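Report on the structure
Listed below, chain by chain, are the residues.
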Amino acid sequence: MANRIMLNQTSYHGVGAIAEIVTEAKAHAFQKAFVCSDPDLIKFGVTGKVTDLLDKEGLAYEIYSDIKANPTIDNVKNGVAAFKASGADYIIAIGGGSSMDTSKAIGIIIANPEFEDVRSLEGVAPTRKPCVPIIAVPTTAGTAAEVTINYVITDVERKRKFVCVDPHDMPIIAVVDPEMMSSMPKGLTASTGMDALTHAIEGYTTKAAWEMTDMFHLKAIEIISKSLRGAVANTKEGREGMALGQYIAGMGFSNVGLGIAHSMAHTLGAVYDTPHGVACAMMLPIVMEYNADCTGEKYREIARAMGVEGVDQMDQATYRKAAVDAVRKLSEDVGIPADLKEIVKEEDLQFLSESALADACCPGNPRDTSVEEIKAYFEKGIDKPFVLCEYAHAMGVGAGELERYIKCFYSSENMLGGCIWEFADHAVYHENEKVKYTYGGDHGEEKHDGNFCMDGLFFPDRTPHSGAKQKKNCYRPVRCRKIADNRYQFFNHNYFENAALSVKYTYFTNGIETYSSTFDVNIAPQ
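The rules behind the values
- Residues numbered from 1 in each chain as written.
- Predicted model: local features only at pLDDT ≥ 70, side-chain atom pairs only at ≥ 80, totals over all residues.
- Heavy atoms only, no water.
- Buried < 20%, exposed > 50% of the residue type's maximum accessible area, 1.4 Å probe, protein only.
- Helix = DSSP H or I, 4+ residues; strand = E, 2+ residues; numbered from the N terminus.
- Pairing = 2+ DSSP bridges.
- Salt bridge = Lys/Arg side-chain N within 4 Å of Asp/Glu carboxyl O.
- Axes fitted to C-alpha atoms, helices over the stretch in contact; angles between N-to-C directions.
- Parallel < 35°, antiparallel > 145°, perpendicular 65-115°, else oblique.
- Left-handed = near helix turned anticlockwise from the far one by under 90°.
- Contact = heavy atoms within 4.5 Å.
- Nonpolar A, V, L, I, M, F, W, Y, C, P; charged D, E, K, R; others polar.
- Phe/Tyr/Trp six-rings, centres within 6.5 Å; stacked < 30°, edge-to-face > 60°.
- Core = buried A, V, L, I, M, F, W, Y, C linked by side-chain atoms within 4.5 Å.

1. A word on the pairing of strand β2 (residues 32-37)
Among the six residues in β2, six count as buried, and that is most of the element. Neither face of β2 is open: one carries Lys32, Phe34 and Cys36, the other Ala33, Val35 and Ser37, and all of them are buried. Of the strand pairs in this sheet, β2 and strand β3 (residues 60-64) are connected by five bridges, and their pairing is parallel. By the bridge assignment for β3, Phe34 is matched with Glu62. With five bridges connecting them, β2 and strand β4 (residues 90-95) associate as parallel partners. What sits directly across from Ala33, in β4, is Tyr90.

2. So, the pattern of salt bridges
Pairing between side chains becomes possible if they bear opposite charge and their charged atoms approach one another. This structure, assessed with the given rule, holds 22 salt bridges. Close ionic contact of Glu62 with Lys32 constitutes a salt bridge, the shortest N to O distance being 3.4 Å. Pair noted here: Glu62 is in strand β3 and Lys32 is in strand β2, with a separation of 30 residues, a long-range link. Given a relative accessible area of 30%, Glu62 falls into the partly exposed group. Because the salt bridges share partners, they merge into one network encompassing Glu297, Arg300, Glu301, Arg304 and Asp312.

3. Let's talk about the packing of helix α6 (residues 186-205) against helix α8 (residues 236-256)
When two helices pack together, their arrangement is given by the angle between their axes and by how far apart the axes lie. Two elements in contact, α6 and α8, have axes separated by 8 Å at closest approach and are oriented at 40°. Regarding the angle of α6 to α8, the classification is oblique. The element α6 and its partner α8 pack so that their crossing is left-handed. Residues Thr189, Gly193, Ala196, His199, Ala200 and Gly203 of α6 touch α8, and the partners they reach there are Arg239, Met242, Gln246, Ala249, Phe253 and Val256. Per-class residue counts for the contact of α6 with α8 are six nonpolar, five polar and one charged.

4. Examining the packing of aromatic side chains
All chains considered together, the criterion is met by four aromatic pairs. Centre to centre, the rings of Phe34 and Phe83 are 5.2 Å apart; their planes meet at 75°, and the pair counts as edge-to-face. Taken together, the residues Phe34 in strand β2 and Phe83 in helix α4 (residues 73-86) connect sequence positions 49 residues apart. Across the pair, exposure class does not vary: Phe34 and Phe83 are buried alike. Aromatic ring contacts, followed pair by pair, group Phe34, Tyr64 and Phe83 into a single cluster.

5. Details of helix α3 (residues 46-56)
Because each turn of an α-helix spans 3.6 residues, side chains separated by three or four positions in sequence point in the same direction. Every buried residue belonging to α3 is among Val46, Thr47, Gly48, Val50, Thr51 and Leu54, and all of these are buried. Against α1 (20-27), β2, α2 (39-43), β3 and β4 lie the buried residues of α3. The positive-phi residue at the C-terminal boundary of α3 is Gly58, with phi of around 70°.

6. Comments concerning the nonpolar core
As a rule of thumb, soluble globular proteins bury nonpolar side chains together. Of all hydrophobic cores here, the largest spans 73 residues; its most connected members are Met194, Leu197, Met264 and Phe378. Per element, the largest residue contribution to this core is eleven residues, and it comes from helix α10 (residues 276-291). With sequence-adjacent residues up to four places away left out, Met264 is seen in contact with Met283, Val287, Ala356, Ile374, Tyr377 and Phe378. If you look at the next biggest cluster of nonpolar residues, it comprises 30 residues, including Cys36, Ala88, Cys131 and Val132.

7. Looking at the environment of Asn255
By the element assignment, Asn255 lies in helix α8. Asn255 sits 105 residues away from Asn150 along the chain, and the two C-alpha atoms are 9.7 Å apart. Not counting the four nearest positions on each side in its chain, Asn255 is found in contact with Arg4, Ile5, Met6 and Leu7.

8. What about the packing of α6 against helix α7 (residues 211-232)?
Look at α6 against α7: their axes get within 9 Å of each other, and the N-to-C directions meet at 160°. The pairing of α6 with α7 is recorded here as roughly antiparallel in orientation. The crossing of α6 and α7 is left-handed. The residues of α7 that touch α6, namely those facing Lys186, Thr189, Ala190, Gly193, Met194, Ala196, Leu197, His199, Ala200, Ile201, Gly203 and Tyr204, are Asp214, His217, Leu218, Ala220, Ile221, Ile224, Ser225, Leu228, Ala231 and Val232. When the residues that make up the contact of α6 with α7 are grouped by side-chain class, the tally is 14 nonpolar, six polar and two charged.

See the structure below:
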């Protein structure tokens, strides 16, 4: 089967590129522009940078701004009616993915009125005519909608997003001017930048990837990794790098598709109105771990492109972990939330998982998946694994201190230096498994649901690490060793007295009981 590459007819890049909008409008003999831009961009004068140029040259236009962050079916319907009433013959889309996706849907329906039911555009709709000509002017460095054949619309009534893939919606001209992005606040810069990185990594690992798109995606990963921190700090170099990097990522993924990080992000946006880039950033490292075994040596090249040193001396497991860690570190550095616990409701998990599996991006994922597996990975995003803090109860620690323990674990600023990394280095998790456990000791028998880890338990730590500043209510890992079959010893600080517990675990994989085990535990001085 032949590989296809579709790009803009023309694209302009660099500071001052927006001046070329006038040149192109005159060259095409366009009569009136339908300017699609969201209310905030109009309010803060970003849209005005373009309309001022049109005014100066006497070029007619009309502004349409009924556009939400996650554009809806009604935004498109209202836009179609407004375009018909305006007498415009081309569209200037100014904004992020919201404005461009709305513009694409409007342009397709105007040219193909048989698809006036917006839902009929889902998937690969058999439209026959190119959409109304679009000049796309991105104001965010992330979506790359100016160079893709995709757009996403939210169905509010059914609480879902649907992806539309149509070669007829490609903007004829892209104008990528870093100055149009300079007013983006830090949070938006970070989230759209992580969306761009997700495009590059998912595009690089998707089933349809090939040599030319690999070239685009690896270069995009490199540029984004070097530029995003600077863009968040609003440096000139950072802004220019992100403007280029996100566009190059779009050149690739638009032609080969994405994966389930985007599928899961789409459904989070539809149900909770989660900003798309934030959702992508939270899901990407989790999905990378899930897909790792189906990616060959590609994670080595991802790690290299992200600036990880020594990848050629690493074994496969090490460079795969290094790639995932580099993504997490970049996300953390630009202030993206680390997990979904403040977003996802447990009662929505089944619907979220079913919607993600049905998403148009899902088939491109390098690893085939299921509702059950997607649900398990949503759960992984909700519950950052912490393990058996209830043991502290057996050592006489009260419920209030346990609550502080959990807060300490989730907030790195409340941890002693090195705690989280020490935990990460020593923890061993059982993927896709839940565990119900019972322990008996001086305080009687208790039953719990949770996650299990044999190494990396935490106890209250009232002594500072070597060279670290003492903080109140901090925790550190204990050490574990097997001393006999079904018998383990956990080492902790010497202010604990020796103690013994009997623990029974019942493991559940995807909700099905798989096995049980019982063992005795000794708590010994370190």
